[in-house]
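Survey of secondary and tertiary structure
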Amino acid sequence: MQSYRCLVCGYIYNPAEGDPDNGIEPGTAFEDIPEDWVCPECGAGKDDFEPI
């Protein structure tokens, strides 16, 4: 699974780790995250992420 970087703050979403603090279980692909999820570091939306 591909990781994604926030273009605003540089946060890396790693699918193997997920974002458990915000309800995203480890193993969740970026594409499967709900559209209303935001960057846990800066609050940017999914549209502000790029694949790395």
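Residues numbered from 1 in each chain as written. Predicted model: local features only at pLDDT ≥ 70, side-chain atom pairs only at ≥ 80, totals over all residues. Heavy atoms only, no water.

Before going further, it helps to spend a moment on the overall build of the protein chain. Broken down by element type, the protein chain carries zero helices and three strands. Listing the helices and strands of the protein chain from first to last along the sequence gives β-β-β. Taken over the C-alpha trace, the protein chain has a radius of gyration of 10 Å; the compact-globule value for 52 residues is 10 Å, and the two agree within 12%. Its C-alpha atoms give the protein chain principal-axis dimensions of roughly 25 × 20 × 15 Å. For the protein chain, the proportion of its 52 residues judged to be buried stands at 35%. (Helix = DSSP H or I, 4+ residues; strand = E, 2+ residues; numbered from the N terminus. Rg over C-alpha atoms; globule rule 2.2 N^0.38 Å. Buried < 20%, exposed > 50% of the residue type's maximum accessible area, 1.4 Å probe, protein only.)

What follows covers the sheet that holds strand β3 (residues 49-51). The antiparallel open sheet is built from three strands, whose spatial order is β2-β1-β3. The open sheet has two edge strands, β2 (12-13) and β3, and neither has a second partner. Sheet topology note: the strand β1 (residues 4-6)/β2 ladder contains two bridges and is antiparallel. The partner of Arg5 across the bridge, within β2, is Ile12. (Pairing = 2+ DSSP bridges.)

This paragraph deals with the nonpolar core. If you look at the biggest cluster of nonpolar residues, it comprises eleven residues: Tyr4, Cys6, Tyr11, Tyr13, Ile24, Phe30, Ile33, Trp37, Cys39, Ala44 and Phe49. Apart from residues lying up to four places away in sequence, Cys6 is in contact with Tyr11, Cys39, Cys42, Ala44, Asp48 and Phe49. (Core = buried A, V, L, I, M, F, W, Y, C linked by side-chain atoms within 4.5 Å. Contact = heavy atoms within 4.5 Å.)

Locating Lys46 in the fold gives a position in the loop between β2 and β3. On the accessibility criterion, Lys46 (10% relative accessible area) is buried. Here Ile33 takes part through its backbone oxygen, which lies 2.8 Å from a polar atom of the side chain of Lys46. (Polar contact = N/O pair within 3.5 Å; in protein donor to acceptor, adjacent residues only side chain to side chain.)

So, on to the environment of Gln2. Inspection of the secondary structure puts Gln2 in the segment before β1. Once you skip the residues sitting within four places of it in the chain, Gln2 turns out to touch Pro15, Pro51 and Ile52. Within the structure, the side chain of Gln2 is placed 3.2 Å from the backbone oxygen of Ile52, a separation counted as a polar contact.

Before going further, it helps to examine the state of the cysteines. Going through the model one piece at a time under the given rule, you end up with zero disulfides. Left unpaired, Cys6 is separated from the closest cysteine sulfur, that of Cys42, by 3.7 Å. Overall, the relative accessible area of 1% leaves Cys6 in the buried class. (Disulfide = S-S within 2.5 Å.)

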